[in-house]
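# Architecture at a glance
Residues per chain, in single letters:
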Amino acid sequence: MNRDRPVSFITGASSGIGRSLARRIVQDEGHAVALIARRKDLLDELALEIEQAGGTALAIECDVTDATSVRDALRTVESTLGPVTRLIANVGGGERTDVEQFSAMHIERVFTLNVMSTAICIEAVLPGMLMRGSGHIVAMGSLAGYRGLPGAAGYSAAKAALTNMMESLRMELRPRGVQVTLLLPGFVRSKPKRKKRPFELELEAATARMHRAILVRKPRYAFPWPLVWIASVCRLLPASVYDVLLAGRGSKPRVRAE
Ligand SMILES: NC(=O)c1ccc[n+]([C@@H]2O[C@H](COP(=O)([O-])OP(=O)(O)OC[C@H]3O[C@@H](n4cnc5c(N)ncnc54)[C@H](OP(=O)(O)O)[C@@H]3O)[C@@H](O)[C@H]2O)c1
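Residues numbered from 1 in each chain as written. Predicted model: local features only at pLDDT ≥ 70, side-chain atom pairs only at ≥ 80, totals over all residues. Heavy atoms only, no water.

## Thoughts on the sheet that holds strand β9 (residues 220–223)
With respect to topology, seven strands assemble into an open sheet ordered β3-β2-β1-β4-β5-β6-β9, the strand pairing being parallel. Every interior strand has two partners, whereas the edge strands, β3 (57–61) and β9, have only one. Adjacent strand axes in the sheet meet at a mean angle of 15° when their direction is disregarded. Here five bridges tie strand β1 (residues 7–11) to strand β2 (residues 32–37), and the two strands are oriented parallel to one another. When the bridges of β2 are listed, S8 appears paired with V33. (Pairing = 2+ DSSP bridges. Helix = DSSP H or I, 4+ residues; strand = E, 2+ residues; numbered from the N terminus. Axes fitted to C-alpha atoms, helices over the stretch in contact; angles between N-to-C directions.)

## Digging into helix α2 (residues 40–52)
Between its terminal C-alpha atoms α2 stretches 18 Å, which fits the 18 Å expected from 13 residues at 1.5 Å a residue. Taken together, the buried residues of α2 touch α1 (16–29), β2 and β3. Positive phi shows up at G54, right after α2, with a value of about 95°. (Expected span 1.5 Å × (residues − 1). Contact = heavy atoms within 4.5 Å.)

## Describing the packing of α1 against α2
Direction vectors running N to C along α1 and α2 enclose 20°, while the axes themselves pass 11 Å from each other. As far as their axial angle goes, α2 and α1 are roughly parallel. Relative to α2, the crossing made by α1 is right-handed. Across from R19, A22, R23 and V26 in α1, the residues of α2 making contact are L42, E45, L46, E49 and I50. Class assignment of the residues belonging to the contact of α1 with α2 gives a composition of five nonpolar, no polar and four charged. (Parallel < 35°, antiparallel > 145°, perpendicular 65-115°, else oblique. Left-handed = near helix turned anticlockwise from the far one by under 90°. Nonpolar A, V, L, I, M, F, W, Y, C, P; charged D, E, K, R; others polar.)

## Details of the nonpolar core
One finds F9, I36, V77, V84, L87, I137 and M166 to be the most contacted residues of the largest nonpolar core, which totals 42 residues. Per element, the largest residue contribution to this core is nine residues, and it comes from helix α4 (residues 104–132). Setting aside residues no more than four positions away along its own chain, F9 makes contact with A34, I36, A73, L74, V77, V84, R86, L87 and I88. (Core = buried A, V, L, I, M, F, W, Y, C linked by side-chain atoms within 4.5 Å. Buried < 20%, exposed > 50% of the residue type's maximum accessible area, 1.4 Å probe, protein only.)

## Focus: the site of the ligand
Around the ligand, the surrounding shell holds 30 residues, and the nearest of these are S14, R38, N90, Y155 and S190. Backbone polar atom of I17 to an oxygen atom of the ligand: 2.8 Å apart, as the coordinates give it. Between the ligand and V64 there is a distance of 3.0 Å, counted from a nitrogen atom to a backbone nitrogen or oxygen. Summarising the interface, the protein chains cover 91% of the accessible area of the ligand, which totals 880 Å² for the free molecule. Among the elements of the structure, α1 and α5 (153–173) are those that each provide at least two residues to the shell around the ligand. Classifying every residue of the shell around the ligand gives twelve nonpolar, twelve polar and six charged. (Near = heavy atom within 4 Å. Polar contact = N/O pair within 3.5 Å; in protein donor to acceptor, adjacent residues only side chain to side chain. Areas by Shrake-Rupley, 256 points an atom, 1.4 Å probe, with all protein chains shown as cover.)

## So, a nonpolar patch on the surface
There is a patch of nonpolar side chains on the surface, built from F199, W225, W229, I230 and V233 and spanning about 580 Å² of accessible area. Following the sequence through the fold, W229 ends up in helix α7 (residues 225–236). (Patch = residues over 30% accessible without salt bridge, like charges linked within 9 Å, V, L, I, M, F, W, Y side chains within 5 Å. Salt bridge = Lys/Arg side-chain N within 4 Å of Asp/Glu carboxyl O.)

## As for the packing of α4 against α5
Close contact between α4 and α5 brings their axes to 7 Å; oriented N to C, the two are set at 15°. In terms of orientation, α4 lies roughly parallel with respect to α5. Taken as a pair, α4 and α5 cross one another with a handedness that is right-handed. Where α4 approaches α5, its residues I107, V110, F111, N114, V115, T118, A119, I122, L126 and L130 are matched on the opposing element by A153, G154, Y155, A157, A158, K159, A161, L162, M165, M166, L169 and L173. Residues belonging to the contact of α4 with α5 are distributed by class as follows: 18 nonpolar, three polar and one charged.

And the structure:
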């Protein structure tokens, strides 16, 4: 395989935002891409499409919440494509938090998927980047991390934690030659059948914006602006006002049989 190109290691590349970003990175930048996710059939399909268009792609089945699997994947990527120059830690998401079935295990699961998976990928790629004195780490936050949202105790908390982790790392890594980009999207239509949400962007429009931010190595990119503005104002509101504004948006109380 071609080892002369910069290498992007993209997690969650089998669908949605990760898959679309992978295509853009190959088409617009000519990077070789390591496509990471669990559904190998979808990764193979994308890798074939990229190879047929003249690009370089390596599909690797890997659960990014497992540090050993991530280290193994990185070893395969570096021996096949060369050193990873950019990590796109895109894996994340979360089930709704149901207060009536609240469990610490649910919160742990959401944190593992959003925060720990990112930390595990950074742990794997960072030593090489620090040794080379160059690299780019892109993490996928969310506007949901700006303030706690009803029905999303796990997800809001996890994305807030991820945001602060990346902000801390960004300041410390920059003087060492490693740049950090934190992406903070509002709603993105990554699943076609989903009901439309406020200020939701179509997948390709959203990933075009994210890719531009990645290309210029923006430290932080939150979008779209109307939702950023609303989320930023909400952050400043006293709890009494904020709670009234969002009242009734979480899970509905269940009627219990007497
Ligand atoms: N869509 C939105 O409205 C929105 C808004 C703000 C932020 N975000 C963030 O953007 C990111 C991508 O979201 P999306 O909407 O594109 O979601 P998606 O379509 O569900 O894609 C998630 C990707 O992550 C992979 N994945 C999940 N668990 C994994 C694991 N344990 N190991 C390896 N890969 C795993 C999935 O592939 P496999 O199932 O094949 O493993 C899939 O490729 C997430 O971090 C999400 O929080 C999304």
